[in-house]
Amino acid sequence: MSTLFELFPGDLIFTGTPEGVGAVVKGNVLKGGVEGIGEISVRVV
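Since the model is a prediction, treat every value here as computed from it, not as a measurement.

> Can you walk me through the overall build of the protein chain in this structure?
When you go through the protein chain residue by residue, the secondary structure sums to zero helices and two strands. With the C-alpha coordinates aligned to their principal axes, the bounding extent of the protein chain is approximately 35 × 25 × 15 Å. Relative to its 45 residues, the protein chain shows a buried fraction of 0%. Approximately 4600 Å² of the protein chain is accessible, and the part contributed by carbon and sulfur atoms is 59%.

> What's the story with the pairing of strand β1 (residues 29-34) in this structure? I'm lost.
Within a regular strand, side chains alternate between the sheet's two faces. Buried residues are scarce in β1, accounting for zero of its six residues. Pairing geometry for β1 and strand β2 (residues 38-43), over six bridges, is antiparallel. Its bridge partner being in β2, Lys31 is matched across the sheet by Ser41. Hairpin connection, β1 to β2: the antiparallel pair is bridged by three residues, and Gly36 has positive phi, about 85°.

> Even after reading the chapter, I still don't get the environment of Arg43, so can you show me in this structure?
Its place among the elements puts Arg43 in strand β2. Through-space distance from the C-alpha of Arg43 to that of Lys31 is 8.8 Å; in sequence the pair is 12 residues apart. Excluding anything up to four places from it in sequence, Arg43 contacts Gly27, Asn28 and Val29.

> Whenever I open this one, the environment of Ile37 confuses me. Can you help?
Secondary-structure assignment places Ile37 in the loop between β1 and β2. In this structure Ile37 comes out as exposed when scored by relative accessible area, which is 74%. With 23 residues separating them in the primary sequence, Ile37 and Phe14 have C-alpha atoms 17 Å apart.

> Just checking my understanding: could you explain the environment of Glu6 for this structure?
Following the sequence through the fold, Glu6 ends up in the segment before β1. With a relative accessible area of 61%, Glu6 lands in the exposed category.

About the thresholds
Residues numbered from 1 in each chain as written. Predicted model: local features only at pLDDT ≥ 70, side-chain atom pairs only at ≥ 80, totals over all residues. Heavy atoms only, no water. Helix = DSSP H or I, 4+ residues; strand = E, 2+ residues; numbered from the N terminus. Buried < 20%, exposed > 50% of the residue type's maximum accessible area, 1.4 Å probe, protein only. Areas by Shrake-Rupley, 256 points an atom, 1.4 Å probe, with all protein chains shown as cover. Pairing = 2+ DSSP bridges. Contact = heavy atoms within 4.5 Å.

Next comes the structure, spelled out in structure tokens:
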């Protein structure tokens, strides 16, 4: 992303859902992260 646009603190980067991915359901764990910044993990209850 940063090779195409200048990013600033607080900028949000949204991504889409790949084709064929099902709905988020109870028990799923969603994970994301940014290299050098940190990671987040959320369990759907």
